Amino acid sequence: IDILYQILILILLYVIGPLFLIPIMFTSFLSGFLFGNLNGFIFSILGYLLASLFYYYLGRYFHNIDFVKRKIVLIKTRYRKLFNDINIITVSFLAITIPFMLLAPFLGVLKKRKRVVILGLVLGALPAIFFSVNAGSSGMEFIKTRDSTLLMYSIGYLILMYMINKFLIKGSYIFIKFNTA
């Protein structure tokens, strides 16, 4: 397949993959596998940015539905301290700990500032994207060279990302509890 088509398919996979329960981490791994570290990272950031915009605007669309409006009032009342003054740092931390497929539309439904949300989502995803792309790149190098060390790096990166994500998810409960008290 031509490289331009590969890039378009990858970006499309970023946008529609979460609808089919394909994790962003897998798509980033695939990006590194196909395009190497630098190009894979750039294409992953681009795909993640476009996916974030898509799901943010999808959330904005649902803002006007009456049932959703009532739920928004309940959420804003319960978590007012967290969501009243949302900033890039808060969104970045939430992006590290909350699945992107839930967070981007949720912040769109709340009609939070688009620049803050999108920039925060991308900044929060950078570590995961970096490690996933690097793992994919190491996997491709293993196939080319048959160097078992590269395979161990690739598997190690994925395990490390999984463990860090689990740790951060537990930490996010403390963060949200502290900011909503």
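This text goes with the structure placed above it.
Residues numbered from 1 in each chain as written. Predicted model: local features only at pLDDT ≥ 70, side-chain atom pairs only at ≥ 80, totals over all residues. Heavy atoms only, no water.

### A closer look at the overall build of the chain
In step 1: Along the chain, the regular secondary structure elements total 9 helices and 0 strands.
In step 2: Helices (α) and strands (β) of the chain occur, in sequence order from the N terminus, as α-α-α-α-α-α-α-α-α.
In step 3: By sequence separation, contacts in the chain at least 24 residues apart represent 78% of the contacts at least 6 residues apart.
In step 4: Of the roughly 10800 Å² that the chain leaves accessible, carbon and sulfur atoms contribute 72%. (Helix = DSSP H or I, 4+ residues; strand = E, 2+ residues; numbered from the N terminus. Contact = heavy atoms within 4.5 Å. Areas by Shrake-Rupley, 256 points an atom, 1.4 Å probe, with all protein chains shown as cover.)

### With respect to the packing of aromatic side chains
In step 1: Counted according to the given criterion, the structure contains 6 aromatic pairs.
In step 2: Judged by centre distance (4.9 Å) and plane angle (80 degrees), the ring pair of F54 and Y55 falls under edge-to-face.
In step 3: Of the residues examined, Y55 reaches a relative accessible area of 0% and is grouped as buried.
In step 4: Seen from their ring centres, Y56 and Y57 are 5.6 Å apart, and the 75 degrees between their planes marks the pair as edge-to-face.
In step 5: Taken together through their ring pairs, the aromatic side chains of F41, F130 and F131 make up a single cluster. (Phe/Tyr/Trp six-rings, centres within 6.5 Å; stacked < 30°, edge-to-face > 60°. Buried < 20%, exposed > 50% of the residue type's maximum accessible area, 1.4 Å probe, protein only.)

### Some words on helix α8 (residues 114-145)
In step 1: The end-to-end C-alpha distance of α8, which contains 32 residues, comes to 44 Å, matching closely the 46 Å that a straight helix rising 1.5 Å per residue would cover.
In step 2: The largest bend along α8 measures about 45 degrees and falls at L126, with the proline P127 one to four residues further on.
In step 3: Remark: R146 follows α8 within two positions and exhibits a positive phi of approximately 60 degrees. (Expected span 1.5 Å × (residues − 1). Bend = angle between axes of the 7 residues up to and from the residue.)

### Looking at a nonpolar patch on the surface
In step 1: Together, L12, I16, L19, F20, F54, L58, Y61, F62 and I65 make up a nonpolar patch on the protein surface, roughly 870 Å² of accessible area in all.
In step 2: The topology assignment puts Y61 in helix α3 (residues 37-62).
In step 3: Overall, the relative accessible area of 59% leaves Y61 in the exposed class. (Patch = residues over 30% accessible without salt bridge, like charges linked within 9 Å, V, L, I, M, F, W, Y side chains within 5 Å. Salt bridge = Lys/Arg side-chain N within 4 Å of Asp/Glu carboxyl O.)

### What about the packing of helix α6 (residues 88-97) against α8?
In step 1: Where α6 meets α8, the axes come as close as 7 Å, and the angle between the chain directions of the two elements is 45 degrees. By the angle between their directions, the pair α6 and α8 is classed as oblique. By crossing handedness, the relation of α6 to α8 is classed as right-handed. Facing α6, whose interface residues are I88, V91, S92, A95 and I96, α8 presents V116, V117, L119, G120, L121, L123 and G124. (Axes fitted to C-alpha atoms, helices over the stretch in contact; angles between N-to-C directions. Parallel < 35°, antiparallel > 145°, perpendicular 65-115°, else oblique. Left-handed = near helix turned anticlockwise from the far one by under 90°.)

### Digging into the environment of F142
In step 1: Along the chain, F142 falls in helix α8.
In step 2: Judged by its relative accessible area of 18%, F142 falls in the buried class.
In step 3: With near-sequence residues (within four places) excluded, F142 lies in contact with D147, S148, L150 and L151.

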